[in-house]
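Geometric and topological summary
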Amino acid sequence: MKDGHIESSIFGPDGQEHDQTRDVAPTRRSERRRREENRRTADRLARKQRRRLRRTHRMIVLVVAFALVVGTGAVAVYALWPLVTSLTASNDFIGAGSGSVSIAVHDGDASRTIGATLANAGVVKTAGAFEDAAANNAQSGSIQPGVYSLHSKMSARSALAMLLNPANRTVSKVTIREGLWTSEIISKLAAATGQPLADYTAALKSPALGLPAQANGNAEGYLFPSTYSFEPKATALAQLQMMVAQSLNELGTLGVTPDKAQRVLTVASIVEAEAQASSDRPKVARVIENRLAKGMPLQLDTTVSFVSQRRGKVGTTDAQRATKSPYNTYLVAGLPPGPIDSPGLSAIQAALNPTPGPWLYFVAVNPTTGETRFAVDAAGHAANVKLFLAWCAKNPSKC
């Protein structure tokens, strides 16, 4: 090799020393970058490949499972179902479920809250499944508050369908018949709802009961007889408020203003207690109004029985009729200070529309059938009383 060539290789063509590191170092860095990029690319390809293999594996298992189901029936289903479900896990149960589970829906609960309640109780598999079912049903917003009887491990759609069916809603139902005293009504309410009788006794004293001023805080006559459905958490006060409101609503529908309610209900309560047949009720109301117009005492055994809170026998004893009370119409002229029971709609209508007539007396000559005779004078009444006494002679235990 010529000296000039060696010199040129070391110092460069211009005779200056050549810096090899400026050419070598960038080349090494570039090589490292290329190797890193290649490694990352290889990792990405490997991950994609693994995902494709897993998907392919699932599809193969499902296809094989389907083929085996078709080919071998129930045996294949039993053997492969755990494997299939493990690969296709759902957030929802299948079917209508079984058993009985009670859950409560509260006022204002959204579908998410209801779903969580159902999931926690084991009714649905997940709250999300119920939310999805509710989102796809336009009626889901009409679920009413209350306690519902559902099943365990239901599909979300089945659970939603049951919540939308009022038949699955548990409420406390109680029927209050016409003519009951307040003491009898609250006893029936306590028995039907399971709430303490003391709660109802306390609620009767509440100024929030909704009574008109003329009632002077006395709910007698204002607890309208009907069949009521109470929510599980309805308080004794809330129940009585509902009954008072119903009474005032019925009166309002008939054109009776709150300031007139006390008198109307008082007359109606007497009619309710005295007359069984609907046709007799307007005539009993007329007797009451005719006697009041003449200043005659009403002399009604039902008002005396109210004082003693005694049932089971018709008529009253001399001692009972001597009881000092503003409700004793043998001793006190005019109407009693308030109703003596809770009258129904028929009795209220009779009090508002008495049958025109001159009668001043009436008596039930057969309390079993309710047959009642009316008279315009004392002699006619005495004849009717003989019929009543004859009935008592045949039914001594009832008189």
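Everything discussed here concerns the structure shown above.
Okay, so let's go over this structure. Only a predicted model underlies this, so the values are computations on that prediction, with no experimental measurement involved. (Residues numbered from 1 in each chain as written. Predicted model: local features only at pLDDT ≥ 70, side-chain atom pairs only at ≥ 80, totals over all residues. Heavy atoms only, no water.)

1. What about helix 14 (residues 345-352)?
Among the residues of helix 14, Ala347, Ile348, Ala350 and Ala351 are the ones counted as buried. Viewed along the axis of helix 14, the buried residues span an arc of 160°, placing them on a single side of the element. For helix 14, the secondary structure elements touched by its buried residues are helix 9 (236-253), helix 10 (258-274) and helix 11 (281-294). (Buried < 20%, exposed > 50% of the residue type's maximum accessible area, 1.4 Å probe, protein only. Helix = DSSP H or I, 4+ residues; strand = E, 2+ residues; numbered from the N terminus. Arc of directions from axis to C-beta. Contact = heavy atoms within 4.5 Å.)

2. Quick word on the packing of helix 10 against helix 14
Contact pair helix 10 / helix 14: the axes reach a minimum separation of 8 Å and the direction vectors enclose 120°. Here the hand of the crossing between helix 10 and helix 14 comes out right-handed. Residues Val264, Leu265, Val267, Ala268, Val271 and Glu272 of helix 10 form the contact with helix 14, whose participating residues are Ala347, Ile348, Ala350, Ala351 and Leu352. Class assignment for the residues of the contact of helix 10 with helix 14 results in 10 nonpolar, no polar and 1 charged. (Axes fitted to C-alpha atoms, helices over the stretch in contact; angles between N-to-C directions. Left-handed = near helix turned anticlockwise from the far one by under 90°. Nonpolar A, V, L, I, M, F, W, Y, C, P; charged D, E, K, R; others polar.)

3. A look at the packing of aromatic side chains
Enumeration over the complete set of coordinates arrives at 5 aromatic pairs. One residue, Arg291, lies across the ring of Tyr361, its end atom 5.2 Å from the ring centre. (Phe/Tyr/Trp six-rings, centres within 6.5 Å; stacked < 30°, edge-to-face > 60°. Lys NZ or Arg CZ within 6 Å of the ring centre and 35° of its normal.)

4. Some remarks on the packing of helix 4 (residues 111-120) against helix 5 (residues 127-135)
Look at helix 4 against helix 5: their axes get within 8 Å of each other, and the N-to-C directions meet at 135°. Considered as vectors, helix 4 and helix 5 are oriented oblique to each other. The way helix 4 lies across helix 5 gives a crossing that is right-handed. Contact residues: Ser111, Arg112, Ile114, Gly115, Ala116, Leu118 and Ala119 in helix 4; Ala127, Phe130, Glu131 and Ala134 in helix 5. Taken together, the residues of the contact of helix 4 with helix 5 break down into 7 nonpolar, 2 polar and 2 charged. (Parallel < 35°, antiparallel > 145°, perpendicular 65-115°, else oblique.)

5. Observations regarding unusual backbone geometry
Even without being a glycine, Asn216 presents a positive backbone phi close to 55°. Here Asn216 shows up in the loop between helix 8 (197-203) and strand 5 (227-230). A relative accessible area of 69% places Asn216 in the exposed class. Of note, the phi angle at Gln309 is positive, near 50°, even though the residue is not glycine. Along the chain, Gln309 turns up in the loop between helix 12 (301-308) and helix 13 (318-321). According to the relative accessible area criterion, Gln309 is partly exposed, its value standing at 36%.

6. Remarks on the layout of surface pockets
Reported here for the largest pocket is a volume of approximately 1300 Å³. Around the largest pocket, the lining comprises 45 residues; the ones closest to its centre are Glu274, Asp301, Thr302, Val314 and Gly315. Among the elements of the structure, helix 10, helix 11, helix 12, strand 6 (361-366) and helix 15 (378-394) are those that each provide at least two residues to the lining of the largest pocket. Looking at the lining of the largest pocket residue by residue, the class counts come to 20 nonpolar, 12 polar and 13 charged. (1 Å grid on protein atoms, 1.4 Å probe; cavity = no way out; pocket = protein on both sides within 12 Å on 5 of 7 lines; lining within 4 Å. Points joined across faces, edges and corners; volume = space filled by probe spheres on them.)

7. Focus on helix 7 (residues 182-193)
End to end, helix 7 covers 16 Å across 12 residues, agreeing with the expected 16 Å (1.5 Å per residue, within 8%). Listing the buried residues of helix 7 in full gives Thr182, Ile185, Ile186, Leu189 and Ala190. All buried residues of helix 7 lie within an arc of 135° about the axis, which places them on one face of the element. Close packing links the buried residues of helix 7 with strand 4 (172-175), helix 8, strand 5 and helix 9. Among the residues trailing helix 7, Gly194 stands out with phi positive, at a value near 85°. (Expected span 1.5 Å × (residues − 1).)

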